[in-house]
Amino acid sequence: MAIEGWLPIGFLLPDGAKTRVALYEGGNWQIFETFAGGRALIVRQALAERWIEAGLLDDGQLSEFNFGDSKFRSMSCGENQVLSPVSEGASPNTKAEALSFALTLKVTRAIDSESPLQDALYVERFSRLLPTYSISSRADDDVVLGYWLTGGAPISAKSFRRLRQTLSWLGAGHLKDVVQAAGIEVAEVIPAEKRRMRPVDSPPKSDVKDTTPSVQVAKGSDKPAMFELAGRPELATFFNEHIIDIIVNRDRYKALGIDFPSAVVLHGPPGCGKTFAVERLVDFLGWPSFQIDASSVASRSFR
């Protein structure tokens, strides 16, 4: 759907940039493409003043101008600098680009520790994430970082193994640098098959702290903290990261427009454990299950 720009095509901004078409918009802001190939941010006076009062911008960084009866502030950047809503960003192509966003996130948080950033505007020229103060639910910073790095995938930066699989081109060491540059600690991920199993009759020592990553399905539940599947550690990891994590952290994912995990199709020859895996997952979640014989349904439908 085309956006109706506040300014006409060819409007000359105070810094000399000329507006072309509006690319993105919010209640108090619009981002335009410029004739030079860059972008320009146009904001209403009230929003600009809120950024300045919060210390996110200096008074002189946005130029004032009037158009008709409206008063705006603006800034523009070249085609090699990112100016985009966080929700519309493309995955970075280099480590330098990834580090730029991560450091911007950290710097912004040092100034403003409260405002939600999942709806912010990434202004690389100023190294700022400028919140738009929408009414959407707040997403944690680790989700915001993962969302930007992957170009829209709802992956927390704390789920390092999952993030690494998505950004395999970056490499584990470089990806760790990026995540830590944002001020987010990276926990060591221990593969399920390498975890030492404690005998049932051997109680844990009181002076030993268990640091194994876990997913708690229900508060007070006596089920294991992390779903495990005998003989299929890779599938168990997939279920934990792509299904259970979304169910447990509903509010965090809902802020990114994800209300429920996507459908999952298991494919393989008879006897490989598809039904067994699903039954174990359903039992772990405590959900009802329904079995449908597709061949019988097809047979009855054609009689």
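Residues numbered from 1 in each chain as written. Predicted model: local features only at pLDDT ≥ 70, side-chain atom pairs only at ≥ 80, totals over all residues. Heavy atoms only, no water.

**As for the confidence of the model for the protein**
Link 1 in the chain: On average, the protein scores 82 in pLDDT, and the residues at 70 or more come to 82%.
Link 2 in the chain: Considering only residues more than four positions removed or in separate chains, one finds that residues 189-219, a stretch of pLDDT under 50, has 26 contacts.
Link 3 in the chain: Per-residue pLDDT stays below 50 along residues 296-303; that stretch engages in one contact with residues further than four places along the chain or on separate chains. (pLDDT = per-residue confidence, 0-100. Contact = heavy atoms within 4.5 Å.)

**Some remarks on a nonpolar patch on the surface**
Link 1 in the chain: Judged by side-chain polarity, Ile9, Val21 and Phe35 come together as a nonpolar surface patch covering roughly 290 Å² of accessible area.
Link 2 in the chain: Topologically, Val21 is positioned in strand β1 (residues 19-25).
Link 3 in the chain: Exposure remark for Val21: the relative accessible area of 36% places this residue in the partly exposed category. (Patch = residues over 30% accessible without salt bridge, like charges linked within 9 Å, V, L, I, M, F, W, Y side chains within 5 Å. Areas by Shrake-Rupley, 256 points an atom, 1.4 Å probe, with all protein chains shown as cover. Salt bridge = Lys/Arg side-chain N within 4 Å of Asp/Glu carboxyl O. Helix = DSSP H or I, 4+ residues; strand = E, 2+ residues; numbered from the N terminus. Buried < 20%, exposed > 50% of the residue type's maximum accessible area, 1.4 Å probe, protein only.)

**Looking at unusual backbone geometry**
Link 1 in the chain: Its identity is not glycine, yet Ser127 carries a phi of approximately 50°, on the positive side.
Link 2 in the chain: With respect to the helices and strands, the residue Ser127 is situated in the loop between β7 (121-123) and β8 (128-130).

**Focus: the pairing of strand β3 (residues 39-44)**
Link 1 in the chain: Bridging between strand β2 (residues 29-34) and β3 involves five bridges; their strand directions are antiparallel. Bridging across to β3, Glu33 finds its partner in Arg39.
Link 2 in the chain: Turn length for the β2-β3 hairpin, with the two strands adjacent in sequence and antiparallel, is four residues, and the turn residue Gly37 shows positive phi of about 95°.
Link 3 in the chain: Strand direction decides the pairing type here: β3 and strand β5 (residues 70-77), joined by six bridges, are antiparallel. When the bridges of β5 are listed, Ala40 appears paired with Ser76. (Pairing = 2+ DSSP bridges.)

**Description of helix α8 (residues 274-285)**
Link 1 in the chain: Along its twelve residues, α8 runs 17 Å from first to last C-alpha, staying within 8% of the 16 Å computed at 1.5 Å per residue.
Link 2 in the chain: Looking at α8, one finds that the buried residues are Ala277, Leu281, Val282, Phe284 and Leu285. Along the axis of α8, the buried residues cluster in a sector spanning 160°; they form a single face. Every exposed residue of α8 that faces more than 90 degrees away from the buried side is listed here: Thr275 and Asp283.
Link 3 in the chain: Of the surrounding secondary structure, the elements contacted by the buried residues of α8 are α6 (233-248).
Link 4 in the chain: Once α8 ends, the next one or two residues include Gly286, with phi positive near 75°. (Expected span 1.5 Å × (residues − 1). Arc of directions from axis to C-beta.)

**So, the sheet that holds β1**
Link 1 in the chain: Reading across the sheet, the five strands line up as β1-β2-β3-β5-β4 and stay open at both edges, with antiparallel pairing between neighbours. The sheet is open, and its two borders are formed by β1 and β4 (63-67), each paired with just one other strand. When strand polarity is set aside, the average angle formed by the axes of neighbouring strands in this sheet is 35°.
Link 2 in the chain: Note that β4 and β5 share five bridges and pair antiparallel. The residue of β5 that forms the bridge with Phe67 is Ser70.
Link 3 in the chain: Running over the sheet, helix α1 (residues 45-54) touches β2, β3, β4 and β5 and is turned about 95° from β3. (Axes fitted to C-alpha atoms, helices over the stretch in contact; angles between N-to-C directions.)

**Let's talk about the nonpolar core**
Link 1 in the chain: Counting residues in hydrophobic clusters, the biggest one holds 28 residues, and the most contacted among them are Phe101, Leu129, Leu145, Leu149, Leu163, Leu175 and Val179.
Link 2 in the chain: Those elements that provide at least two residues to this core are α2 (95-111), α3 (141-150), α4 (160-166) and α5 (172-181).
Link 3 in the chain: Residues contacting Leu145, with those up to four places away along its chain left out, are Phe101, Ala102, Leu105, Ala157, Val179, Ala182 and Ile184.
Link 4 in the chain: Formed by 19 residues, the second largest nonpolar core is a distinct cluster that contains Ala48, Trp51, Cys77 and Phe126. (Core = buried A, V, L, I, M, F, W, Y, C linked by side-chain atoms within 4.5 Å.)

**Some points on the packing of aromatic side chains**
Link 1 in the chain: Applying the stated criterion across every chain, the model contains eight aromatic pairs.
Link 2 in the chain: On the basis of an interplanar angle of 40° and a centroid distance of 5.5 Å, the ring pair of Phe11 and Phe65 is categorised as tilted. Pair noted here: Phe11 is in the segment before β1 and Phe65 is in strand β4, with a separation of 54 residues, a long-range link. A single burial state applies to Phe11 and to Phe65, both of which are buried.
Link 3 in the chain: Assessed through its relative accessible area of 17%, Phe11 is described here as buried.
Link 4 in the chain: An aromatic cluster is built from Trp6, Phe11, Phe65, Phe67 and Phe72, whose rings are joined through pairwise contacts. (Phe/Tyr/Trp six-rings, centres within 6.5 Å; stacked < 30°, edge-to-face > 60°.)

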